[in-house]
Amino acid sequence: FTLAGWAGWTFADNQKNNNSVDLFNWAVTFAFPDLFKQGNLGALVVGQQPHAYDVVGSRSENSPSWHIEALYRFALNDNIAVTPGVIVITDPNDAVNRDTIVVGVLRTTFKF
């Protein structure tokens, strides 16, 4: 089992419009190496994309977007792996009442 994470905080000033904003983003990853079979990998990523907090000089009603991702890498052999997954984003673009986005993904990795 592997637990990883990261976070970022950005302080931005718009000198032309005389306003500023603090942006915060983060993610936590849970990974399960050799899940069900040696060489395979299951993972779950949960976090938030950059979200504006403490906007000075602007009025904004927004809700943080959540990024949730699940994947499972199947090692077909030592050189080829297939990784299906799903990504879910709630309140896209930090906008309240926007439909949740669900994206299916499929990645194939070739090692030479």
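The structure contained in this document is the topic of the report that follows. Please read these numbers as outputs of a predicted model, since none were measured by experiment.

Rules and cut-offs
- Residues numbered from 1 in each chain as written.
- Predicted model: local features only at pLDDT ≥ 70, side-chain atom pairs only at ≥ 80, totals over all residues.
- Heavy atoms only, no water.
- Helix = DSSP H or I, 4+ residues; strand = E, 2+ residues; numbered from the N terminus.
- Rg over C-alpha atoms; globule rule 2.2 N^0.38 Å.
- Buried < 20%, exposed > 50% of the residue type's maximum accessible area, 1.4 Å probe, protein only.
- Contact = heavy atoms within 4.5 Å.
- Areas by Shrake-Rupley, 256 points an atom, 1.4 Å probe, with all protein chains shown as cover.
- Lys, Arg positive; Asp, Glu negative; His and termini not counted.
- Charge placed at Lys NZ, Arg CZ, Asp CG, Glu CD.
- Pairing = 2+ DSSP bridges.
- Patch = residues over 30% accessible without salt bridge, like charges linked within 9 Å, V, L, I, M, F, W, Y side chains within 5 Å.
- Salt bridge = Lys/Arg side-chain N within 4 Å of Asp/Glu carboxyl O.
- Polar contact = N/O pair within 3.5 Å; in protein donor to acceptor, adjacent residues only side chain to side chain.
- Phe/Tyr/Trp six-rings, centres within 6.5 Å; stacked < 30°, edge-to-face > 60°.

### Here's the deal with the overall build of the protein
Tallying secondary structure elements over the protein gives zero helices and six strands in all. Helices and strands in the protein line up, N terminus first, as β-β-β-β-β-β. Taken over C-alpha atoms, the radius of gyration comes to 18 Å for the protein, far larger than the 13 Å a tight globule of 112 residues would show. Among the 112 residues that make up the protein, the fraction classed as buried is 26%. Looking at the protein alone, contacts between residues at least 24 apart form 43% of all its contacts between residues at least 6 apart. In the structure as shown, the protein presents an accessible area of about 7,900 Å², 57% of it carried by carbon and sulfur atoms. Computing the positive centroid from 7 side-chain charges and the negative centroid from 10, the protein places the two 9 Å apart.

### A word on the pairing of strand β2 (residues 19-33)
As paired strands, strand β1 (residues 2-14) and β2 are joined by 13 bridges and run antiparallel to one another. Paired with tryptophan 6 across the two strands is alanine 27, which belongs to β2. Where β1 folds back onto β2 in an antiparallel hairpin, the turn is made up of four residues, including asparagine 18, whose phi is positive at roughly 55°.

### Regarding the pairing of strand β4 (residues 66-75)
Bridge analysis of β4 against strand β5 (residues 80-90) gives eight bridges, and the strand direction is antiparallel. Of the residues in β5, the one forming a bridge with alanine 75 is alanine 81. Counted between consecutive antiparallel strands, the loop separating β4 from β5 contains four residues.

### Description of a nonpolar patch on the surface
Residues Phe1, Leu3 and Phe32 make up a contiguous nonpolar surface patch of roughly 350 Å² in combined accessible area. One can find leucine 3 in strand β1.

### What to know about the side chain of histidine 67
Summarising the element assignment, histidine 67 is placed in strand β4. A distance of 3.1 Å separates the side chain of histidine 67 from the side chain of glutamate 69, its partner in a polar contact.

### Overview of unusual backbone geometry
In this model, phenylalanine 36 sits at a positive phi of 70°, which is unusual for a non-glycine residue. Phi is positive for aspartate 91, close to 45°, though the residue is something other than glycine. Assignment of secondary structure puts aspartate 91 in the loop between β5 and β6 (101-110).

### Thoughts on the packing of aromatic side chains
Scanning the model with the defined rule gives seven aromatic pairs in all. Both rings, one in phenylalanine 36 and one in tyrosine 72, keep their centres 6.1 Å apart while their planes meet at 50°; by these two values the pair is tilted. Taken as a pair, phenylalanine 36 in the loop between β2 and β3 (41-56) and tyrosine 72 in strand β4 lie far apart in primary sequence, 36 residues in all. Note on tyrosine 72: relative accessible area 14%, which makes it buried. Relative to phenylalanine 74, the ring of tyrosine 72 lies with its centre 4.6 Å away and its plane at 75°, an arrangement referred to as edge-to-face. Phenylalanine 74 sits in the partly exposed class, given a relative accessible area of 38%. Joined through ring pairs, the aromatic side chains of Phe1, Phe30 and Phe32 make up one cluster.

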